[in-house]
Amino acid sequence: MAYWLLKSEPDSYGWDGLVRDGGTEWDGVRNHAAAGHLRAMQVGDEALYYHSGKDKAAVGVARIARAARPDGEDGWVSVRIEPLRPLPRPVALKAMKAEAALADMAMLRQSRLSVSPVGDAEWAVLLRLAGE
């Protein structure tokens, strides 16, 4: 299983919306690096659901429910995600940056990416910070 981080503006489509809907199509990604990460996702992979904007915190864990499929006619892709569980406590960006073990985390190095990989050790640290 691989791990990911998915960013969304909570005012556009936050964790509560994902839970309410029981899942969503993660589409509209128009960055080549982020789209490459979507293509690499497999059913059963897990992703931190991160609220960007004013919240700047990981708030839940989602599951990849369907691998990449075309999103439009220009070579972009989408995946289907479903909520697994909220985190016991949000993991703020400030806490991520303060954790030495996360210094090389893709999201911290390329903060503009809406989809990024999370390593196994990073995943364990993030869940610990979340109180799991």
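Just above, that's the structure.
Let us look at the structure shown here. Note that this is a predicted model, so its numbers are computed, not measured. In every chain, residue numbers begin from 1 and rise along the written sequence. Selection of residues for local features in this predicted model requires a pLDDT of at least 70, selection of side-chain atom pairs for listing and counting requires 80 or more, and totals for whole chains, interfaces and linings are taken over all residues. Just so you know, side-chain values use all the structure's heavy atoms and leave hydrogens and water out.

1. What about the pattern of salt bridges?
- Here a salt bridge means any side-chain nitrogen of Lys or Arg lying within 4 Å of a carboxyl oxygen belonging to Asp or Glu. Counted under the stated rule, the structure contains seven salt bridges.
- Put simply, glutamate 25 and arginine 66 hold a salt bridge, and the shortest N to O gap is 2.6 Å. Placement of glutamate 25 in strand β2 (residues 24-26) and of arginine 66 in strand β4 (residues 57-70) is noted, with a sequence separation of 41 residues between them.
- Only protein chains enter the accessibility calculation, which uses a 1.4 Å probe. A residue is then buried if its area is under 20% of the maximum for its type, exposed if over 50%, and partly exposed in between. The exposure class of glutamate 25 is buried, given its relative accessible area of 19%.
- For the salt bridge of arginine 128 with glutamate 99, the shortest nitrogen-to-oxygen distance reads 3.4 Å. With arginine 128 in helix α6 (residues 120-129) and glutamate 99 in the loop between α4 (93-98) and α5 (106-109), the pair connects residues that are 29 residues apart, well separated along the chain.
- Relative accessible area serves as the criterion here: at 45%, arginine 128 is assigned to the partly exposed category. Here a helix means four or more residues in a row that DSSP labels H or I, a strand means two or more in a row labelled E, and each is numbered from the N terminus.

2. Quick word on the environment of tryptophan 26
- By the element assignment, tryptophan 26 lies in strand β2.
- As for tryptophan 26 and serine 8, which are separated by 18 residues in sequence, their C-alpha atoms are 10.0 Å apart.
- If we skip the residues at most four places from it in the chain, tryptophan 26 touches Leu6, Lys7, Ser8, Leu38, Tyr49, Val77, Ser78, Val79, Ile81 and Val115. Here, two residues are considered to be in contact whenever any of their heavy atoms come within 4.5 Å of each other.

3. Looking at the environment of tryptophan 4
- Note on placement: tryptophan 4 falls in strand β1 (residues 3-8).
- Judged by relative accessible area, tryptophan 4 falls into the buried class, the value being 6%.
- Sequence spacing of tryptophan 4 and leucine 38 is 34 residues, and the spatial spacing of their C-alpha atoms is 9.3 Å.
- Sequence-distant contacts of tryptophan 4, that is, excluding residues within four places in its chain, are made with His37, Ala40, Met41, Asp45, Glu46, Ala47, Leu48, Ser116, Pro117, Val118 and Trp123.
- Among the polar contacts listed, one links the side chain of tryptophan 4 to the side chain of aspartate 45, at a separation of 3.0 Å. Identification of polar contacts relies on pairs of N or O atoms within 3.5 Å, with a donor-acceptor requirement for protein atoms, meaning one able to donate a hydrogen and the other able to accept it, and with residues adjacent in sequence counted only if both atoms are side-chain atoms.

4. Concerning the pairing of strand β5 (residues 77-92)
- Summarising the sheet, β2 and β5 pair through three bridges and their orientation is antiparallel. Following the sheet pairing, tryptophan 26 is matched in β5 by valine 79.
- When DSSP locates at least two bridges between a pair of strands, those strands are taken to pair. Sheet analysis places β4 next to β5, joined by 10 bridges and oriented antiparallel. Looking at β5, one finds that arginine 66 is bridged to arginine 80.
- As consecutive antiparallel partners, β4 and β5 are separated by six residues, and within that stretch glycine 72 has a phi angle of approximately 90 degrees, a positive value.

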